[in-house]
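# Understanding the architecture of this molecule
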Amino acid sequence: QKEVEQDPGPLSVPEGAIVSLNCTYSNSAFQYFMWYRQYSRKGPELLMYTYSSGNKEDGRFTAQVDKSSKYISLFIRDSQPSDSATYLCALRGGATNKLIFGTGTLLAVQP
Amino acid sequence: GAVVSQHPSWVICKSGTSVKIECRSLDFQATTMFWYRQFPKQSLMLMATSNEGSKATYEQGVEKDKFLINHASLTLSTLTVTSAHPEDSSFYICSAFRASGGNNEQFFGPGTRLTVL
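A short tour of the structure in this document, coming up. (Residues numbered from 1 in each chain as written. Chains lettered and ligands numbered in written order. Predicted model: local features only at pLDDT ≥ 70, side-chain atom pairs only at ≥ 80, totals over all residues. Heavy atoms only, no water.)

It is worth spelling out the overall build of chain B at this point. A count of helices and strands for chain B gives zero helices and 11 strands. Beginning at the N terminus, the succession of helices and strands in chain B can be written as β-β-β-β-β-β-β-β-β-β-β. Here the C-alpha radius of gyration of chain B, 14 Å, is about what a compact globule of 117 residues would show, namely 13 Å. Along the longest, intermediate and shortest principal axes, the C-alpha atoms of chain B span 45 × 25 × 20 Å. By sequence separation, contacts in chain B at least 24 residues apart represent 55% of the contacts at least 6 residues apart. (Helix = DSSP H or I, 4+ residues; strand = E, 2+ residues; numbered from the N terminus. Rg over C-alpha atoms; globule rule 2.2 N^0.38 Å. Contact = heavy atoms within 4.5 Å.)

Structure follows, in structure tokens:
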């Protein structure tokens, strides 16, 4: 079993839709939860950073962490074509600063 | 967010040659940098953790004699792919770890695309 599971997609939605992206994980030691956005042929860009359980909102983006279910989500409201990218969840915890990445979900927002 | 640069952004080389990739944190000091490799349509795979002034820690399955990492200063880490072969062709991405109170973050460089002919 992988430490982090993420549906690779692709996920195609119309402009304006609410997008839900998710990851599950198996290691309860993870305490830091990140979402990165990666455009084609570019490095990942940090979108959201959450410590422990709860919700965090930043503009059109909301990150949720449910540690009891080992489930994290990223919601994008009013999605735009410019949101089309690969979204990667990344987790960190325990005695290491290493990030463990999900496989990434490819999102396409159709105009 | 903080800025991390990589140089070169892309490189094409002949099989058997060595290629050096630089990773710099431009506006903060990074005691730890990470090197990742990403194949098309796949996620980032951690290759090694680079700590300033000490030897890098390599992930299982990564040849340390093939992928030489040097972290000579708090703002610079280099990855040298020695005797490169076509199977080493990939997208190499570095990240720099910034510890800021309780808010520890990794900032990624733009990546270097290596093509070995």
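Our focus in this paragraph is a nonpolar patch on the surface. Where nonpolar side chains cluster on the molecular surface, the patch consists of Trp10, Ile12 and Leu117 of chain B and spans about 390 Å² of accessible area. Considering the arrangement of structural elements, one finds Ile12 of chain B in strand β2 (residues 10-13). (Patch = residues over 30% accessible without salt bridge, like charges linked within 9 Å, V, L, I, M, F, W, Y side chains within 5 Å. Areas by Shrake-Rupley, 256 points an atom, 1.4 Å probe, with all protein chains shown as cover. Salt bridge = Lys/Arg side-chain N within 4 Å of Asp/Glu carboxyl O.)

All names here are of chain A. Taken in spatial order, the five strands make up an open sheet running β1-β3-β8-β7-β6, and their pairing is antiparallel. The open sheet terminates on both sides in strands that have one partner only, identified here as β1 (4-6) and β6 (54-58). On average, adjacent strands in this sheet sit at an angle of 15° to one another, irrespective of strand direction. (Pairing = 2+ DSSP bridges. Axes fitted to C-alpha atoms, helices over the stretch in contact; angles between N-to-C directions.)

Let us now look at the sheet that holds strand β7 (residues 67-73) of chain B. Residues and elements named next belong to chain B. One open sheet holds the four strands; their spatial order is β1-β3-β8-β7, and the pairing between them is antiparallel. Of all strands in the sheet, those with a lone pairing partner are β1 (4-7) and β7, marking the two edges. Strand-to-strand twist across the sheet, computed as the mean angle between neighbouring axes with direction ignored, equals 15°. Pairing between β1 and strand β3 (residues 19-25): four bridges, direction antiparallel. Bridge pairing in β3 links Val4 to Ser25.

Each side of the interface is counted separately: chain B has 21 residues, and chain A has 17 residues. The three residues of chain B that bury the most area against chain A are Ser43, Gln106 and Phe108 of chain B, which together make up 28% of that side's buried surface. Applying the counting rule to chain B against chain A returns one salt bridge. The interface formed by chain B and chain A contains five residue pairs in polar contact (both at pLDDT 80 or more). When contributions to the side of chain B that touches chain A are tallied by element, the ones reaching two or more residues are β4 (32-38), β5 (45-51), β9 (90-100) and β10 (103-108) of chain B. (Buried area = accessible area lost by both parts, 1.4 Å probe. Polar contact = N/O pair within 3.5 Å; in protein donor to acceptor, adjacent residues only side chain to side chain.)

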